[in-house]
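So the chains spell out like this:
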Amino acid sequence: MKILVMHGVNLDLLGKREAEHYGTQTLATINKKLEALVPQLAKAAGIKGEVELTFFQTNIEAEFLAKLGEGFDGAVLNPAAWTHTSIALADRLKALGLPFAEAHLSNIAAREDFRHKSYAAPHARGVVFGFGFGSYAAALFGLLLSLKA
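In this text the structure is predicted, and so the values were computed from the model without any measurement.

So, the nonpolar core
Part 1: Core analysis: the largest hydrophobic core is formed by 44 residues, its most contacted members being Leu34, Val51, Leu53, Val76, Tyr136, Leu140 and Leu144.
Part 2: Taken together, the elements giving at least two residues each to this core come down to strand S1 (2–7), helix H2 (27–45), strand S2 (52–57), helix H3 (61–67), strand S3 (74–78), helix H4 (87–96), strand S4 (100–104) and helix H5 (133–148).

Right under this line is the structure:
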């Protein structure tokens, strides 16, 4: 099973920016922790066989959109600011029908009003936010459970 873990715009700056919202972990640390955790999550979700994670980060929306169509079985997406602005992302997710879970490090419901709207969420299997790295772990586990069902 091939799962795409996508990080959107400015997430390459994790560990350097707004620690009060995003914590102090770097993107590399988040990816390594997910890689280490995936065998346990897959087993707990009842997935037989290997789950392979592919990590991708870009600050270019067109690259983000293109990567979604590369034949993955599912995805964990943190579109970052594109969550709240990109109708193109919403349209592509709907058209592709790619099973995905949306994850956010910060509690987007407790932040500025414009961050309360996600254009991706209506097409997601689920959305997890506000738990830092735990949001990614929970989103991956939920996605794996939904793919098993």
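Some details on the side chain of Lys67
Part 1: Assignment of secondary structure puts Lys67 in helix H3.
Part 2: Here Lys67 falls in the buried class, since its relative accessible area comes to 16%.
Part 3: The contacts of Lys67, once residues within four sequence positions are left out, are Leu4, Met6, Phe56 and Phe72.

What about the packing of aromatic side chains?
Part 1: One pass over the structure, following the stated rule, counts zero aromatic pairs.
Part 2: The ring centre of Phe133 lies 4.5 Å from the NZ or CZ of Lys33, which sits over that ring.

Topic: the environment of Leu93
Part 1: Counting through the fold element by element, Leu93 comes out in helix H4.
Part 2: With 31 residues separating them in the primary sequence, Leu93 and Ala124 have C-alpha atoms 8.5 Å apart.
Part 3: If we ignore the near neighbours within four places in the chain, the residues touching Leu93 are Leu68, Leu77, Leu98, Phe100, Ala120 and His123.

Things to note about the pattern of salt bridges
Part 1: This structure, assessed with the given rule, holds one salt bridge.
Part 2: Here Glu70 ties to Lys67 by a salt bridge, and the two come within 3.1 Å at their closest N and O atoms.

Things to note about the sheet that holds S1
Part 1: Spatial strand order, S2-S1-S3-S4-S5: five strands in an open sheet with parallel pairing. For this open sheet the edge positions go to S2 and strand S5 (126–129), each flanked by a neighbour on one side alone. Between one strand axis and the next, the sheet turns by 20 degrees as a mean value, whatever way the strands run.
Part 2: Note that S4 and S5 share four bridges and pair parallel. Bridge pairing links Ala103 to Val128 in S5.
Part 3: Packing against the sheet, H5 makes contact with S1, S2, S3, S4 and S5, and its axis sits at approximately 170 degrees to S4.

Analysis parameters
Residues numbered from 1 in each chain as written. Predicted model: local features only at pLDDT ≥ 70, side-chain atom pairs only at ≥ 80, totals over all residues. Heavy atoms only, no water. Core = buried A, V, L, I, M, F, W, Y, C linked by side-chain atoms within 4.5 Å. Buried < 20%, exposed > 50% of the residue type's maximum accessible area, 1.4 Å probe, protein only. Helix = DSSP H or I, 4+ residues; strand = E, 2+ residues; numbered from the N terminus. Contact = heavy atoms within 4.5 Å. Phe/Tyr/Trp six-rings, centres within 6.5 Å; stacked < 30°, edge-to-face > 60°. Lys NZ or Arg CZ within 6 Å of the ring centre and 35° of its normal. Salt bridge = Lys/Arg side-chain N within 4 Å of Asp/Glu carboxyl O. Pairing = 2+ DSSP bridges. Axes fitted to C-alpha atoms, helices over the stretch in contact; angles between N-to-C directions.

Distances and angles like these do not, on their own, reveal function.
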